[in-house]
Amino acid sequence: MGGKSNRRRRYAEEFKRDAVALVRSSGKTVTEVAREIGVSAEGLRNWVKQDTIDRGQGAPGELTSAEREELRRLRRQNRERAETIGVLRKAAAESTG
């Protein structure tokens, strides 16, 4: 039972930056560079696209990496606060009932 794994690999930011720089400076296609460094072409293409957005050259409305991270943080914080409110409501209902 060989083949590719469905597990998502995590790469260091420095590795991603170097891979993007290689695409931009080598004159090779994303597919060629991906094959050489052993990553998926789709993943490398996404890194190049995100780098373009982070440089301020993306389409209007596309989020930079910093904005994406802030959105993740705020969503997590909102979820935690909603859970806290739920616990407090339940406790208040039990104490008055």
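Per-chain numbering applies: the sequence of each chain, read as written, is numbered from 1 onward. A pLDDT threshold of at least 70 governs which residues receive local features in this predicted model, and a stricter bar of 80 or more applies before side-chain atom pairs are shown or counted, although totals over entire chains, interfaces and linings include all residues. Hydrogens and water are ignored here; the side-chain numbers use all heavy atoms of the structure.

**Concerning the packing of helix α2 (residues 30-37) against helix α3 (residues 41-54)**
Item 1. Running from amino to carboxyl end, α2 crosses α3 at an angle of 115 degrees, the nearest separation of the two axes being 9 Å. Regarding α2 and α3, the two cross each other, and that crossing is right-handed. For the pair formed by α2 and α3, the contact residues are V30, T31, V33 and A34 on the first element and A41, L44 and R45 on the second.
Item 2. Throughout this entry, Asp, Glu, Lys and Arg are counted as charged residues, while Ala, Val, Leu, Ile, Met, Phe, Trp, Tyr, Cys and Pro are counted as nonpolar. The remaining residues, Gly among them, count as polar. Within the contact of α2 with α3, the residues separate by chemical class into five nonpolar, one polar and one charged. For every element, the axis is a line fit to its C-alpha atoms; helices are fit only across the contacting stretch, and the angle between N-to-C directions ranges from 0 to 180 degrees. Numbering of helices and strands runs from the N terminus, with a helix taken as a DSSP run of H or I at least four residues long and a strand as a DSSP run of E at least two residues long. Crossing handedness follows the turn of the near helix against the far one: under a right angle anticlockwise gives a left-handed crossing, and clockwise gives a right-handed one. Throughout, a contact is declared for two residues whenever any of their heavy atoms are within 4.5 Å.

**Details of the confidence of the model for the protein**
Item 1. Confidence of the predictor in every single residue is expressed as pLDDT, which spans 0 to 100. Chain-level pLDDT for the protein is 92 on average; 93% of the residues reach the 70-or-more range.
Item 2. Confidence scores differ between elements of the protein, with helix α4 (residues 65-96) showing the lowest mean pLDDT of 96 and α2 the highest of 98.

**Some thoughts on the packing of aromatic side chains**
Item 1. By convention, a stacked pair of Phe, Tyr or Trp rings (six-membered ring in the case of Trp) has centres within 6.5 Å and planes under 30 degrees apart, an edge-to-face pair has planes over 60 apart, and any other such pair is tilted. All chains considered together, the criterion is met by three aromatic pairs.
Item 2. Look at Y11 and W47: their rings are 5.3 Å apart centre to centre, the planes differ by 75 degrees, and that puts the pair in the edge-to-face class. Here the residue Y11 occupies a position in the segment before α1 (13-26), and W47 occupies one in helix α3, the gap between them amounting to 36 residues.
Item 3. Centre to centre, the rings of F15 and W47 are 6.1 Å apart; their planes meet at 85 degrees, and the pair counts as edge-to-face. Linking F15 in helix α1 with W47 in helix α3, this pair joins segments that are 32 residues apart in sequence.
Item 4. Relative accessible area decides the class of each residue, using a 1.4 Å probe on protein chains only: under 20% of the type maximum gives buried, over 50% gives exposed, and in between gives partly exposed. A relative accessible area of 31% places F15 in the partly exposed class.
Item 5. Residue classification places W47 among the buried positions, given a relative accessible area of 15%.
Item 6. These aromatic residues form a ring-pair network of at least three members: Y11, F15 and W47.

**Regarding the pattern of salt bridges**
Item 1. Any carboxyl oxygen of Asp or Glu that lies within 4 Å of a side-chain nitrogen of Lys or Arg is treated as forming a salt bridge with it. With the rule as written, the count across this model stands at six salt bridges.
Item 2. E69 serves as the salt-bridge partner of R72, at 3.1 Å between the closest nitrogen and oxygen. Here R72 pairs with E69, and both are found in helix α4, just three residues apart, close to one helical turn.
Item 3. When its relative accessible area of 46% is taken as the criterion, R72 is described as partly exposed.
Item 4. Each of R24, D51 and R55 takes part in a single network of salt bridges with overlapping partners.

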